[in-house]
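Listed below, chain by chain, are the residues.
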Amino acid sequence: MLNRRILRVKAFQNLYSYEQCRTSNLNLAKDFIRNAFQPDLNSMEVQDKAQLKKDAATTIELFLKNLNNHKLISATEHNAKIKSTAIQAINQFHKANDKDLEFMEKNMITSAENIPQLYLYAIEMLIAFGDHVRNEYARKRKLSGEAISAHAGELNLANNKILKTLKSAPQYQNELTRQDVNIEDLEQEIKEWFREYVKPSPEYQTYMGILEPTIKEDNDILNHILKKIIFKNEAILNFFSEKDLNWSENKAVVKSLAAKVLKNLEETPEMENYELPELAINWEEDKEFFQNIFNLTIENDEDNRELISEKTKNWDIERVASTDKIILSMALTEMMNFPSIPVKVTINEYIDISKTYSTPKSKQFVNGLLDVLSKELTDAGRIRKSGRGLLDNK
């Protein structure tokens, strides 16, 4: 259904969101502790504010020391309230994390499953613009008693070779049905969007001036409409955001996939050789990969961070960009838990993610660290590849 690169990106986005939730839950737990040691305004006894503040700090320290436990270790020297409050905060923290984790996992699956429908909607808008051009010309001919003929280039978008191939491709039509994509309800919006945004654009006016567009020129105008109008105009983007709660995260992926459909058709315009990209992969298999990379990264995050910190001794692990920590942890998890994926493939995939989602220097940092760690973990027997995973280890 979706290629592995897109699934890695989606997993990364949700791991980043989960990390933000954990930070928020940590701060809420600390606030819970501080509130537990506020002076009791209803008490007639004198409140020792300094001691309460000290007890709150002690409890937070105890809480942080036992954060990964569900019981307190070495807390015998503390009084009952400190111990009780610390364990309540720990339980509250883990309960909130579990709830967020459950939501994130469900959300990322739903979000990924929505992507094909979204990019098909974008393609259907292009087709609808072409249909609108043809319908407007037919309407004008009818009103004039068929006394007019098309100006040179006026019907270029209606006769766009890429759009015509798509419309007649059974695989594309089947996918529209399977993904429940239908923009008939947008007929009025399509007319308005074409009139206000597509037709006035200089690129479209130039395209209409071409007597017989090449397939590259057909693709160029579609890419312009796609990237500079559909994915730039707030009125059109509102349609997508209403369809998808995760639109801000999915937008770049959807645009990339729609552009790839057009590029493939420019390179392979013959309908009999045409294959709709990204939809022929086994979704159940990809879904398992998707869930595993997400869950195993969380399960192994502490061990992965230790590996990272050992190789960044001149750096405090907390000073490494949070995005880099997630990228590195995902990459280490993949290398050690997915034997059929070559090490070099994993490294290259996460370098690409770092280029888009992390700091300007992250590419070199991620590349260098993963290269060193992959060699050491392979020598230690912690990375074991088989089948296709051995391809880059010859």
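Residues numbered from 1 in each chain as written. Predicted model: local features only at pLDDT ≥ 70, side-chain atom pairs only at ≥ 80, totals over all residues. Heavy atoms only, no water.

Enquirer: Please provide a residue-by-residue account of the overall build of the chain, values included.
Expert: Check the secondary structure of the chain and you find 15 helices and zero strands. Within the chain, the fraction of its 394 residues that count as buried is 45%. For the chain, the accessible area works out to roughly 21,200 Å², and carbon and sulfur atoms hold 49% of it. (Helix = DSSP H or I, 4+ residues; strand = E, 2+ residues; numbered from the N terminus. Buried < 20%, exposed > 50% of the residue type's maximum accessible area, 1.4 Å probe, protein only. Areas by Shrake-Rupley, 256 points an atom, 1.4 Å probe, with all protein chains shown as cover.)

Enquirer: Kindly report on the pattern of salt bridges, identifying the contributing residues and their values.
Expert: The tally for this structure, following the rule as stated, stands at 21 salt bridges. Its salt-bridge partner being Asp31, residue Arg34 comes within 3.0 Å of it at the nearest N-O pair. In this pair, Arg34 and Asp31 are both assigned in helix H1 (residues 4-36), three residues apart and thus about one turn of the helix distant. The closest approach of N and O atoms between Glu136 and Arg139, which form a salt bridge, is 3.0 Å. Placement of both Glu136 and Arg139 in helix H3 (residues 80-143) is noted, with a separation of three residues, approximately one turn of the helix. (Salt bridge = Lys/Arg side-chain N within 4 Å of Asp/Glu carboxyl O.)

Enquirer: So what's going on with the packing of H1 against helix H14 (residues 343-357)? Residues and values would help.
Expert: Running from N to C, H1 and H14 cross one another at 55 degrees; their axes reach a closest spacing of 11 Å. In terms of orientation, H1 and H14 fall into the oblique class. Relative to H14, the crossing made by H1 is right-handed. Facing H1, whose interface residues are Arg5, Arg8, Val9, Phe12 and Gln13, H14 presents Glu349, Tyr350, Asp352, Ile353 and Tyr357. Looking at the contact of H1 with H14 residue by residue, the classes come out as five nonpolar, one polar and four charged. (Axes fitted to C-alpha atoms, helices over the stretch in contact; angles between N-to-C directions. Parallel < 35°, antiparallel > 145°, perpendicular 65-115°, else oblique. Left-handed = near helix turned anticlockwise from the far one by under 90°. Contact = heavy atoms within 4.5 Å. Nonpolar A, V, L, I, M, F, W, Y, C, P; charged D, E, K, R; others polar.)

Enquirer: Break down the nonpolar core for me, citing the residues and quoting the values.
Expert: Of all hydrophobic cores here, the largest spans 54 residues; its most connected members are Ile123, Leu157, Ile230 and Phe240. Every element with two or more residues in this core is listed here: H3, helix H4 (161-168), helix H5 (170-178), helix H6 (187-198), helix H7 (202-208), helix H8 (215-230), helix H9 (234-243) and helix H10 (247-267). With residues near it in sequence (within four places) discarded, Ile230 still touches Ala122, Met125, Leu126, Phe129, Ile225, Ile236, Leu237 and Phe240. If you look at the next biggest cluster of nonpolar residues, it comprises 39 residues, including Leu328, Leu332, Ile351 and Leu373. (Core = buried A, V, L, I, M, F, W, Y, C linked by side-chain atoms within 4.5 Å.)

Enquirer: Talk me through the packing of H3 against H5; I want residue IDs and the actual numbers.
Expert: Two elements in contact, H3 and H5, have axes separated by 11 Å at closest approach and are oriented at 120 degrees. If you check the angle between H3 and H5, you find them oblique. Here H3 runs over H5; the crossing is left-handed. Where H3 approaches H5, its residues Leu120, Ile123, Glu124 and Ile127 are matched on the opposing element by Tyr172, Glu175 and Leu176.

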